[in-house]
Amino acid sequence: MTARKIIIDTDPGQDDAFAILLALASPAELDVLGITAVAGNVPLEFTQRNTRIICELAGKPDVKVYAGCDRPLTRKLVTAEHVHGKTGLDGPVMIEPTMPLQTQHAVDFIIETLRSEPAKSVTLCPLGPLTNIAMAFEKAPDIVARVQEIVLMGGGYFEQGNITPAAEFNIYVDPQAADIVFKSGVPLVVMPLDVTHRALTTPERVNAFRDIGTKVGETCAAWADFFERFDIEKYGSAGAPLHDPCVIAYLLNPALFKGRLINVMIETQSELTMGATVADWWGVSGRQANALFMRDIDAAGFFDLLTQRLARL
Ligand code: RIB
Ligand code: CA
């Protein structure tokens, strides 16, 4: 089986870090053509730095990392230091990366890669605001039809929002970008809060990270310990939702997830509900389905896969 070609677009973020580590620990299944950083959880200067820190932690300093957009298409950047800390990777002390940042802009890398790779052979995996993806589609409309699939973390229907009552962070930060992506016609697989809130870092699961007994395991446990304090306080939940690694786990084992092929549109007009994912879960709109919108996860299977793969690094 040839490895699936992917580009990860990310705003690390501790949960993004788990996703990137999971992908880099799975070279037989995933060929990471490059990782593009975008402003989101923290400003771009941190997300591009954090992406390189994570690649070096994985022992993969040759991964090509690109800096992308430092703000949304039209709106002011909203960040989430209250969740992820000032650096975006708060928890353990991280050393500055030494691997290079590519000089090419992330948007141009996405365009160039989609034009040079065979049509429908590259999957895009956005883990943050969709600014880079939308900018690439706007700058080079010819690449849209060449994308194999977009598997993204974002949105919420049953869970509604986490940054506002109506909207999930990734979509809320750049709703105009999300609107472009959700209307693009590219096959979408969406991991909304509805499913990621069922992937919680319980104490047993964090201990399993720590019991790996490696720098990666120790760092992941420390990230989880830091990252979960916000969600436990807010939701009273048994741990933090590991949002972004759901995207990579889907690529490795789609059977871990269940959802519905439905129509999903983005609220871009009302400030009250800006960035809401209007998911037609009950099929009442008559609008064409555009997204496989996930609802259920085999959480035990997900954490077993994640922990086993982290132990490879
Ligand atoms: O709402 C959760 C999403 O926003 C995750 O991707 C997290 O990393 C932040 O980007
Ligand atoms: Ca993210």
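Residues numbered from 1 in each chain as written. Chains lettered and ligands numbered in written order. Predicted model: local features only at pLDDT ≥ 70, side-chain atom pairs only at ≥ 80, totals over all residues. Heavy atoms only, no water.

Once that is clear, we can look at the site of ligand 1. Taken together, the neighbourhood of ligand 1 is formed by Asp11, Asp15, Asp16, Asn41, Leu127, Met153, Asn162, Glu168, Phe169, Asn170, His243 and Asp244. In this structure, an oxygen atom belonging to ligand 1 sits 2.5 Å away from a side-chain N or O atom of glutamate 168. Bound to the protein, ligand 1 loses 97% of the 280 Å² it would expose on its own. When atom positions are compared with the pocket grids, ligand 1 is found to occupy the largest pocket. Where the shell around ligand 1 is concerned, the elements lending two or more residues are α1 (14–24) and α6 (169–173). Of the residues in the shell around ligand 1, the class split is three nonpolar, four polar and five charged. (Near = heavy atom within 4 Å. Polar contact = N/O pair within 3.5 Å; in protein donor to acceptor, adjacent residues only side chain to side chain. Areas by Shrake-Rupley, 256 points an atom, 1.4 Å probe, with all protein chains shown as cover. 1 Å grid on protein atoms, 1.4 Å probe; cavity = no way out; pocket = protein on both sides within 12 Å on 5 of 7 lines; lining within 4 Å. Sits in = over half its atoms within 2 Å of the grid points. Helix = DSSP H or I, 4+ residues; strand = E, 2+ residues; numbered from the N terminus. Nonpolar A, V, L, I, M, F, W, Y, C, P; charged D, E, K, R; others polar.)

Of note, alanine 37 is situated in strand β2 (residues 30–37). With relative accessibility at 0%, the residue alanine 37 sits in the buried group. Separated by 167 residues in sequence, alanine 37 and glutamate 204 have C-alpha atoms that sit 31 Å apart. The contacts of alanine 37, once residues within four sequence positions are left out, are Thr10, Leu44, Thr47, Gln48, Thr51, Tyr66, Ala67, Gly68, Cys69 and Asn132. (Buried < 20%, exposed > 50% of the residue type's maximum accessible area, 1.4 Å probe, protein only. Contact = heavy atoms within 4.5 Å.)

Our next topic: the pattern of salt bridges. By the definition in use, this model includes eleven salt bridges. One salt bridge in this structure joins arginine 115 and aspartate 142, with 2.7 Å as the shortest N-O distance. Of the two residues, arginine 115 sits in helix α4 (residues 106–116) while aspartate 142 sits in the loop between α5 (131–139) and β5 (147–153), which places them 27 residues apart along the sequence. (Salt bridge = Lys/Arg side-chain N within 4 Å of Asp/Glu carboxyl O.)

Our next topic: the packing of aromatic side chains. This structure, assessed with the given rule, holds seven aromatic pairs. Taking 6.3 Å as the distance between ring centres and 40° as the angle between the ring planes, the aromatic pair formed by phenylalanine 209 and phenylalanine 303 counts as tilted. In this pair, phenylalanine 209 sits in helix α9 (residues 203–210) while phenylalanine 303 sits in helix α12 (residues 299–310), placing the two residues 94 residues apart along the sequence. Of the two residues, phenylalanine 209 and phenylalanine 303, neither departs from the other in class, the shared state being buried. Over the aromatic face of phenylalanine 158 sits the side chain of arginine 295, whose NZ or CZ is 4.0 Å from the ring centroid. (Phe/Tyr/Trp six-rings, centres within 6.5 Å; stacked < 30°, edge-to-face > 60°. Lys NZ or Arg CZ within 6 Å of the ring centre and 35° of its normal.)

Take a probe with the size of a water molecule and roll it over the atoms, and the empty space left behind shows itself. Estimated volume of the largest pocket: approximately 260 Å³. If you trace the largest pocket, you find 23 residues lining it, with Val83, His84, Asn162, Phe169 and His243 closest to the centre. When contributions to the lining of the largest pocket are tallied by element, the ones reaching two or more residues are α1, α3 (81–84), α6 and α10 (215–235). Element by element, the count of residues in the lining of the largest pocket is highest for α10, at five residues. Within the lining of the largest pocket, the residues separate by chemical class into ten nonpolar, six polar and seven charged. Taken as a whole, the second largest pocket spans an internal volume of roughly 190 Å³. Around the second largest pocket, the lining comprises 13 residues; the ones closest to its centre are Phe182, Lys183, Asn263, Gln288 and Asn290. Contributing elements (two or more residues each) for the lining of the second largest pocket: α7 (175–182) and β8 (264–266). With three residues, the single largest contributor to the lining of the second largest pocket is β8. Along the lines of polarity and charge, the residues of the lining of the second largest pocket split into seven nonpolar, four polar and two charged. (Points joined across faces, edges and corners; volume = space filled by probe spheres on them.)

On to the coordination of the calcium ion (ligand 2). Protein coordination of the calcium ion (ligand 2) is provided by Asp11 (OD), Asp16 (OD), Asp16 (OD), Leu127 (O) and Asp244 (OD), with donor distances spanning 2.3 to 2.6 Å. Within one chain, the residues serving as donors to the calcium ion (ligand 2) are arranged as D-x4-D-x110-L-x116-D. Placement of the pair is aspartate 11 in the loop between β1 (4–10) and α1 and leucine 127 in the loop between β4 (122–126) and α5, with a sequence separation of 116 residues. Of the two residues examined, aspartate 11 and leucine 127, each falls in the buried class. (Donors = N, O, S within 2.8 Å, 3.2 Å for Na, K, Ca; no water.)

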